[in-house]
Amino acid sequence: MNAAGRPLLEVKGLRMHFPITEGLVARKLVGEVKAIDGIDFAVHRGETLGLVGESGCGKTTTGRCILRLERPTAGEIYYDGVDIARMERKELRGLRRRIQVIFQDPYSSLNPRMKVGDILAEPIKVHGIEPDAAKRSARVRELLSVCGLNPRFADRYPHEMSGGQRQRVGIARALALNPEFIVCDEAVSALDVSIQAQVVNLLEDLREQFGLTYLFIAHDLSVVRHLCQRVAVMYLGRIVELADGDELFGNPLHPYTQALLAAVPVPDPTVEAHRTFRPVQGEVPSPINPPSGCVFHPRCPMAVEGCKHSRPELREVRPGHFVACSEVR
Amino acid sequence: MPPLLEVKGLRTEFRTGAGIVRAVDGISYTVDPGETVAIVGESGSGKSVGALSVLRLIPDPPGRITQGEILFAGRDIMRLSGSEMREVRGGEIGMVFQEPMTSLNPVLSIGRQITETLEQHRGMDAAAARKRAVELLGLVGISDASRRLKQYPHQLSGGMRQRIMIAIALSCDPKLIIADEPTTALDVTIQAQILELMKDLTRRLNVALIIITHNLGVVARYANRVNVMYAGRIVESGPAGDVYHNPRHPYTMALLRSVPRLDRPRQERLDPVEGQPPDLTRLDGGCAFRPRCRFATDACAESKPSLLPAGVAGHLAACFQSGAIARETGEAA
């Protein structure tokens with residue numbers, strides 16, 4: 001396949017198991033948390049892939065593996081054709097310039113003792129992109145104004161800014177190295193409704209302006225529907241459904257996706273009055289000891305005997321629409 | 001029928017290093033027996049402080065209720081003694097807070113936390129309280145009650161803890177439950193379970209519910225009436241359907257337009273509320289929303305608009321321009 005048709009990012013059979021140990025001196029392995037248990041997906045250049053699911057489903061760990069903040073237990077992560085899953089620290093340095101991250105919490109992800117200007121200049125300095133201090137500060141001012149902030153904010157400390165402004169600083173920092181790919185890990189979840197829309201629009205503008213590719217990790221399905229071309233739904237370390245956004249939200253096939261969508265109330269009393277709704281029962285089981293077969297079977301309204309024994313693989317039920325459920329035809 | 005709760009001109013202030021912050025600035029509303037009223041607003045709008053004031057749970061210093069009346073079932077809450085107030089809290093008014101891990105006592109068993117309330121408020125003996133606790137757990141959908149009663153909060157999931165909070169809130173047959181962001185810390189499917197449970201129980205037991213939230217979808221699904229707060233004031237109030245379909249305040253209108261909707265395909269761009277939320281230490285005599293408002297006129301800088309009837313009966317808005325807004329939303333509809 002040529003470089004043009006090749007996805008920018010391709011994840012194959014990714015697993016991330018965290019060991020659980022006991023004992024203070026002689027650490028004994030007593031189990032594993034299967035945070036990610038074999039997932040496959042691809043992200044194409046210029047697209048936004050949404051990764052949704054509830055807490056503990058492995059969506060954040062997936063992002064951390066792609067950023068290589070974790071070393072995956074198994075599987076391959078091809079970035080622009082090169083497997084980065086096993087890369088060593090030194091080799092990763094070059095990758096850091098190409099893949100960046102925006103974190104959820106604009107309060108804890110900015111160093112409170114650094115001025116905004118220094119926060120933004122640091123990556124430029126560390127990577128030796130602009131050794132000249134005056135040019136660096138010009139670049140900082142440019143980054144601030146690209147993200148809708150007054151360049152004078154360079155002299156402020158994070159605590160002098162509101163949550164929405166801080167998140168813009170977090171975005172500016174991610175852009176500082178001119179990356180191609182940005183992992184947005186719950187990037188708008190901590191913001192108030194009126195500010196959230198501003199930041200969502202900013203992310204869209206930046207994607208167009210700089211030709212960025214996003215992996216957008218979130219639990220807020222309404223934002224994901226708005227922002228993402230394709231969406232993958234995770235449950236207990238596995239992808240259960242993956243499709244185009246409008247297809248997934250308009251025609252969800254996996255019983256978990258259906259339950260998830262039904263659970264989200266729509267801001268319209270008339271629509272809500274006409275919806276009949278029974279919430280899915282039970283809670284997400286522990287990833288230390290996941291259920292046998294299909295991990296969703298204990299909560300699934302469609303489950304049959306076979307679901308307890310065999311794990312359904314993700315299969316293409318119609319063009320571009322993948323589901324991991326044996327009961328979906 | 002008189003309202004169960006009537007709040008009149010409530011004002012709560014905090015003395016801070018940056019000056020006096022009027023977190024709640026003269027709010028008035030009522031709650032009828034058995035109805036669900038939502039209070040919606042963003043961080044710093046005063047929605048939580050307003051509700052905590054009703055329970056007189058504002059720490060003094062730095063906070064103080066400086067004005068207003070709170071009538072609950074015909075009694076003025078502001079005039080109750082400390083011990084009478086303790087009877088009301090957890091007795092006639094139950095509470096459910098956002099973070100069940102911090103609102104449950106980590107060193108007491110679940111059983112003890114439920115029976116304590118019953119012994120304090122209902123004077124039950126240990127055996128009767130335990131029997132009632134088992135019943136309550138069944139009511140909130142927790143099976144295997146005898147085992148659960150021996151457990152501690154850290155052994156339970158977030159959803160389970162919030163069920164325990166609801167059981168405690170219901171334990172003394174309250175007339176009103178105040179729930180402050182009861183599901184914000186929970187996952188979507190668990191959030192739906194807890195909200196359905198609260199709706200079902202409040203209807204069955206005829207308990208009124210004040211639900212404080214920032215989630216416009218939750219309001220649409222569960223509330224009969226809604227109060228929208230901005231910078232310490234109620235800017236719009238009315239039946240949920242009217243407020244959502246015919247908003248008469250520019251903030252409500254902008255807020256509803258800014259949220260992406262799950263039931264609609266991708267649109268071009270979101271329509272955000274521009275500007276930043278107000279700094280409560282720097283409010284002037286005019287309307288606090290004015291810097292972000294596209295309808296603002298000179299009159300908006302001179303005085304704060306009061307909450308006046310707009311549209312159908314029971315629909316109120318605090319805006320000088322609500323007529324113009326009605327025309328615009330009317331055209332759109």
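Residues numbered from 1 in each chain as written. Chains lettered and ligands numbered in written order. Predicted model: local features only at pLDDT ≥ 70, side-chain atom pairs only at ≥ 80, totals over all residues.

## Some words on the overall build of chain A
Then comes step 1: Along chain A, the regular secondary structure elements total ten helices and twelve strands.
Then comes step 2: Relative to the globule expectation of 20 Å for 329 residues, the C-alpha radius of gyration of chain A, 21 Å, shows essentially globular dimensions.
Then comes step 3: Considering only C-alpha atoms, chain A reaches an extent of 70 × 60 × 50 Å along its principal axes.
Then comes step 4: Expressed as a percentage of the 329 residues in chain A, the buried residues total 45%.
Then comes step 5: Considering only intrachain contacts with a sequence separation of at least 6, the fraction spanning at least 24 residues in chain A is 63%. (Helix = DSSP H or I, 4+ residues; strand = E, 2+ residues; numbered from the N terminus. Rg over C-alpha atoms; globule rule 2.2 N^0.38 Å. Buried ≥ 20, exposed ≤ 12 C-beta atoms within 10 Å, placed from the backbone. Contact = placed C-beta atoms within 7 Å.)

## Some thoughts on the overall build of chain B
Then comes step 1: Each helix and strand in chain B was counted, giving 13 helices and twelve strands.
Then comes step 2: The C-alpha radius of gyration of chain B comes to 21 Å, within 12% of the 20 Å expected for a compact globule of 333 residues.
Then comes step 3: Along the longest, intermediate and shortest principal axes, the C-alpha atoms of chain B span 65 × 50 × 45 Å.
Then comes step 4: In chain B, the share of contacts with a sequence separation of at least 24, taken over all contacts with a separation of at least 6, comes to 64%.

## Quick notes on the pairing of strand 9 (residues 225-230) of chain B
Residue and element names in this part refer to chain B.
Then comes step 1: With six of its six residues buried, strand 9 lies for the most part within the structure.
Then comes step 2: A two-sided burial pattern is seen for strand 9, the buried positions comprising Arg 225, Asn 227 and Met 229 on one face and Val 226, Val 228 and Tyr 230 on the other.
Then comes step 3: Where strand 3 (residues 36-40) meets strand 9, four bridges bridge the pair, whose relative direction is parallel. Bridging across to strand 9, Ile 39 finds its partner in Asn 227.
Then comes step 4: Direction of pairing for strand 9 relative to strand 10 (residues 233-239): antiparallel, over a ladder of six bridges. Bridge pairing links Val 226 to Gly 238 in strand 10.
Then comes step 5: Hairpin connection, strand 9 to strand 10: the antiparallel pair is bridged by two residues, and Ala 231 has positive phi, about 50 degrees. (Pairing = 2+ DSSP bridges.)

## Let's talk about the sheet that holds strand 11 (residues 315-318) of chain A
Residue and element names in this part refer to chain A.
Then comes step 1: Here we have eight strands laid out as an open sheet, ordered 6-7-8-3-9-10-12-11, and mixed in their pairing. Across the chains shown, the open sheet's two edge strands, defined by having one partner strand only, are strand 6 (99-102) and strand 11. Between one strand axis and the next, the sheet turns through 25 degrees on average, direction left out of account.
Then comes step 2: Pairing of strand 3 (residues 48-52) with strand 9 (residues 230-235) involves four bridges; the strand directions are parallel. In the sheet register, Leu 51 faces strand 9, and the bridge partner there is Ala 232.
Then comes step 3: Running over the sheet, helix 9 (residues 255-263) touches strand 9 and strand 10 (238-244) and is turned about 100 degrees from strand 9. (Axes fitted to C-alpha atoms, helices over the stretch in contact; angles between N-to-C directions.)

## Brief notes about the sheet that holds strand 2 (residues 19-31) of chain B
All names here are of chain B.
Then comes step 1: Pairing is antiparallel across the open sheet formed by four strands, whose spatial order is 2-1-4-5. Every other strand in the sheet has two partners, leaving strand 2 and strand 5 (75-76) as the edge strands with one partner each.
Then comes step 2: Relative to strand 2, strand 1 (residues 5-16) runs antiparallel, the two being bridged by ten bridges. Bridging across to strand 2, Arg 11 finds its partner in Asp 25.

## So, the packing of helix 3 (residues 116-126) of chain A against helix 5 (residues 163-175) of chain A
Residues and elements named next belong to chain A.
Then comes step 1: For the pair helix 3 and helix 5, interaxial distance at closest approach is 8 Å and the crossing angle is 25 degrees. When the axes of helix 3 and helix 5 are compared, the pair comes out roughly parallel. With respect to the hand of their crossing, helix 3 and helix 5 are arranged in right-handed fashion. Along the contact surface, helix 3 presents Val 116, Ile 119, Leu 120 and Pro 123, while helix 5 presents Val 169, Ala 172 and Arg 173. (Parallel < 35°, antiparallel > 145°, perpendicular 65-115°, else oblique. Left-handed = near helix turned anticlockwise from the far one by under 90°.)

## A few points about the environment of Glu32(A)
All names here are of chain A.
Then comes step 1: Topologically, Glu 32 is positioned in strand 2 (residues 28-43).
Then comes step 2: Take Glu 32: there are 16 C-beta atoms within 10 Å of it, and that puts it in the partly exposed class.
Then comes step 3: Distance from Glu 32 to Ile 20, taken between C-alpha atoms, is 5.4 Å for residues twelve residues apart in sequence.

## Regarding the interface of chain A and chain B
Then comes step 1: In this assembly, 37 residues from chain A lie in contact with 38 residues from chain B.
Then comes step 2: Elements with a contribution of two residues or more to the side of chain A that touches chain B: helix 6 (193-210), helix 7 (221-227), helix 8 (245-250), helix 9 and helix 10 (269-273) of chain A.
Then comes step 3: For the side of chain A that touches chain B, the element with the most residues is helix 6 of chain A, which contributes seven residues.
Then comes step 4: Classifying every residue of the side of chain A that touches chain B by side-chain character gives 18 nonpolar, eleven polar and eight charged. (Nonpolar A, V, L, I, M, F, W, Y, C, P; charged D, E, K, R; others polar.)

## A few points about helix 5 (residues 126-139) of chain B
Residue and element names in this part refer to chain B.
Then comes step 1: Taking 1.5 Å per residue, 14 residues should reach 20 Å; helix 5 reaches 20 Å between its end C-alpha atoms and fits that length.
Then comes step 2: Every buried residue of helix 5 is accounted for by Ala 129, Ala 133, Leu 136 and Leu 137. Relative to the axis of helix 5, the buried residues are bounded by an arc of 95 degrees and lie together on one face. Opposite the buried face of helix 5, at more than 90 degrees from it, the exposed residues are Ala 127, Glu 135 and Gly 138.
Then comes step 3: Among the structural elements, helix 4 (110-122), helix 6 (145-150) and helix 7 (158-170) are those in contact with the buried residues of helix 5.
Then comes step 4: Backbone geometry just downstream of helix 5 places Gly 141 in the positive-phi region, at approximately 80 degrees. (Expected span 1.5 Å × (residues − 1). Arc of directions from axis to C-beta.)

## With respect to the pairing of strand 3 of chain A
Residue and element names in this part refer to chain A.
Then comes step 1: Counting buried residues in strand 3 gives five out of five residues, a clear majority hidden from the surface.
Then comes step 2: Of the two faces of strand 3, the one holding Thr 48, Gly 50 and Val 52 and the one holding Leu 49 and Leu 51 are both buried throughout.
Then comes step 3: Across five bridges, the pairing between strand 3 and strand 8 (residues 213-218) is parallel. Following the sheet pairing, Val 52 is matched in strand 8 by Ala 218.

## Digging into the confidence of the model for chain B
Then comes step 1: Looking at chain B as a whole, the pLDDT averages 90, with 98% of positions reaching at least 70.
Then comes step 2: Across the predicted assembly, pTM comes out at 0.88 and ipTM at 0.84. (pLDDT = per-residue confidence, 0-100.)

## Some points on unusual backbone geometry
Residues and elements named next belong to chain B.
Then comes step 1: Here the amide bond leading from Asp 60 into Pro 61 is cis, since omega sits at -10 degrees, within 30 degrees of zero.
Then comes step 2: Relative to the elements of secondary structure, Pro 61 occurs in the loop between helix 1 (47-54) and strand 4 (63-72).
Then comes step 3: In the segment running from Pro 61 into Pro 62, the intervening peptide bond is cis, with an omega of 5 degrees.
Then comes step 4: One can find Pro 62 in the loop between helix 1 and strand 4.

## Topic: the nonpolar core
Then comes step 1: Membership of the largest hydrophobic core comes to 196 residues, with the highest contact counts inside it found for Phe216(A) and Ile210(B).
Then comes step 2: At seven residues, helix 7 of chain B tops the list of elements feeding residues into this core.
Then comes step 3: Those residues within four positions of Phe216(A) in sequence are excluded, and the remaining contacts are Thr48(A), Leu49(A), Gly50(A), Leu51(A), Cys184(A), Val224(A), Leu227(A) and Cys228(A). (Core = buried A, V, L, I, M, F, W, Y, C linked by C-beta atoms within 7 Å.)

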